Amino acid sequence: MHLKRSFAVIGGDLRQRCLLRQLRGLGFPASAYRVPDAEDSAPDLSGCLRGANVLILPMPAGGGVPLADILDAAEPGALICGGMLDPAEALLQARGIAFYDYAKDEALLLQNAELTAEAALALLLERLPGPLAGSRILLCGFGRIGKLLARKLKALGADVTVSARKAQALDLARILGYRRVTAGSWADAPAPIIGPAQLPCIRRDCVLLELASLPGGFCAEAQALPGYCAARGLPGKYAPEAAAAIIRSAIFRNLNLEEAT
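Quantities reported herein were computed from a predicted structural model and do not represent experimental measurements.

Taken as a whole and judged by the stated rule, the model has 13 salt bridges. For R144, the salt bridge is made with E106, and the minimal N-O distance between the two is 3.0 Å. Of the two residues, R144 sits in helix α6 (residues 144-155) while E106 sits in helix α5 (residues 106-127), which places them 38 residues apart along the sequence. Relative accessible area serves as the criterion here: at 38%, R144 is assigned to the partly exposed category. The partly exposed category is assigned to E106, whose relative accessible area is 43%. Between E210 and R232 there is a salt bridge, with the nearest N and O atoms lying 3.9 Å from each other. Here E210, found in strand β9 (residues 208-210), pairs with R232, found in the loop between β10 (228-230) and α9 (234-238); they are 22 residues apart in sequence, far enough to count as distant. The class of E210 is buried, set by a relative accessible area of 2%. Residues joined by salt bridges that share partners form a network here, namely D86, E89 and K104.

Have a look at this one:
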């Protein structure tokens, strides 16, 4: 099994470094290129990718290394594994390259959401002017992260209000015991959720925690407020070892490798 799989880990953040160490710890050949705090396995990209039949890109894909360069240096028949590969799908398909977007793995998304909610909780505890118990918190959106974060906040005594545009999400929020408010005119646009019209309603000591991917949910004026905190990519910052293990498990599932290998 080990001889059939040789990995190359490319670029990224601390997750990639942890992933590299985990693969090597499991006995897989794993080379490194531009991985943080890891020595490159070869002086150039082609040397690093030589012999590797599984290439692991970070999320989002690339990690500072141009995707076209990676594809040019990849071994024929190598599988490209990366997160958020949608912008590159046309290029991959045009070149006839097999790929796996691990950011579309539902198990990974749920586990990442759990890490994100936990990290968001830690940030709130640091930044709120008082305890979470009794704090009034508005959650904009009730997806995977929102549901998990709402549960954690309520368990610590916060007064949670859920804002969502879908009736189904609001019904679930009601069933789970949260206050709820229907999203307003912003619901038809992807961003911002908090625009200039909402600014007069925001307290000066309010914490504005940005968990959404770019372009985000806060307008430029809201981002300029003292309580604004951009907190994207929390799993890789808060718990890189666990975040790497989640990615590894998703890739192993795709390759039909046993986790205990």
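What follows is about the sheet that holds strand β5 (residues 99-101). Spatial strand order, β2-β1-β3-β4-β5: 5 strands in an open sheet with parallel pairing. Unpaired on one side and paired on the other, β2 (30-33) and β5 mark the two borders of the sheet. If you compare each strand with its neighbour and ignore which way they point, the axes differ by 20° on average. Looking at chain direction, strand β1 (residues 7-10) and β2 are connected through 4 bridges and run parallel.

Attention now goes to the pairing of strand β8 (residues 179-182). In this sheet, β8 lies alongside strand β7 (residues 159-164) in parallel orientation, the contact comprising 4 bridges. Counterpart to S163 in the pairing with β8 is V181. On the question of chirality, the crossover connecting β7 to the parallel β8 by way of helix α7 (residues 167-175) is right-handed.

In this section: the pairing of β7. Of all 6 residues making up β7, 5 are buried, and the element is well covered by its neighbours. With 5 bridges joining them, strand β6 (residues 136-140) and β7 adopt parallel strand pairing. Counted as the bridge partner of R136 is D159 from β7.

Attention now goes to the nonpolar core. Within the largest apolar cluster, 30 residues are counted, with the highest numbers of intra-cluster contacts made by F7, L23, Y102 and I251. Among the elements of the structure, β1, α1 (14-25), β2, β3 (54-56), β4 (79-82), α5 and α10 (240-255) are those that each provide at least two residues to this core. Broken down by element, the residue count for this core peaks at 8 residues, all from α10. Every residue in contact with Y102, bar those within four places of it in the chain, is listed here: L57, P58, M59, C81, G82, G83, L108, I247, A250 and I251. If you look at the next biggest cluster of nonpolar residues, it comprises 29 residues, including A120, V160, L170 and A231.

Examined against the element boundaries, F7 turns out to sit in strand β1. F7 sits in the buried class, given a relative accessible area of 1%. As a C-alpha pair, F7 and G51 span 44 residues in sequence and 8.6 Å in three-dimensional space. Among all residues touching F7, those that are not within four sequence positions of it are L23, F28, P29, A30, S31, A52, V54, I56, I251, F252, L255 and L257.

On to the packing of aromatic side chains. On inspection of all chains with the given rule, the structure shows 5 aromatic pairs. Between F28 and F252 the ring centres are 5.7 Å apart and the planes differ by 65°, which places this aromatic pair in the edge-to-face class. Taken as a pair, F28 in the loop between α1 and β2 and F252 in helix α10 lie far apart in primary sequence, 224 residues in all. Across this residue pair, the class does not change: F28 and F252 are buried. Taking the centre distance of 5.6 Å and the plane angle of 80° together, the rings of F218 and Y228 count as edge-to-face. Here Y228 lies in strand β10 and F218 lies in the loop between β9 and α8 (220-223), a separation of 10 residues in the sequence. Using a relative accessible area of 15% as the deciding quantity, one classes Y228 as buried. Aromatic rings pair up to connect F7, F28 and F252 into one cluster. Positioned above the aromatic ring of Y178 is the side chain of K154, whose terminal nitrogen or guanidinium carbon lies 5.3 Å from the ring centre. Against the face of F252 rests R248, its NZ or CZ located 5.9 Å from the ring centre.

Definitions and limits used
- Residues numbered from 1 in each chain as written.
- Predicted model: local features only at pLDDT ≥ 70, side-chain atom pairs only at ≥ 80, totals over all residues.
- Heavy atoms only, no water.
- Salt bridge = Lys/Arg side-chain N within 4 Å of Asp/Glu carboxyl O.
- Helix = DSSP H or I, 4+ residues; strand = E, 2+ residues; numbered from the N terminus.
- Buried < 20%, exposed > 50% of the residue type's maximum accessible area, 1.4 Å probe, protein only.
- Pairing = 2+ DSSP bridges.
- Axes fitted to C-alpha atoms, helices over the stretch in contact; angles between N-to-C directions.
- Right-handed = clockwise from strand over helix to strand, strands pointing away.
- Core = buried A, V, L, I, M, F, W, Y, C linked by side-chain atoms within 4.5 Å.
- Contact = heavy atoms within 4.5 Å.
- Phe/Tyr/Trp six-rings, centres within 6.5 Å; stacked < 30°, edge-to-face > 60°.
- Lys NZ or Arg CZ within 6 Å of the ring centre and 35° of its normal.

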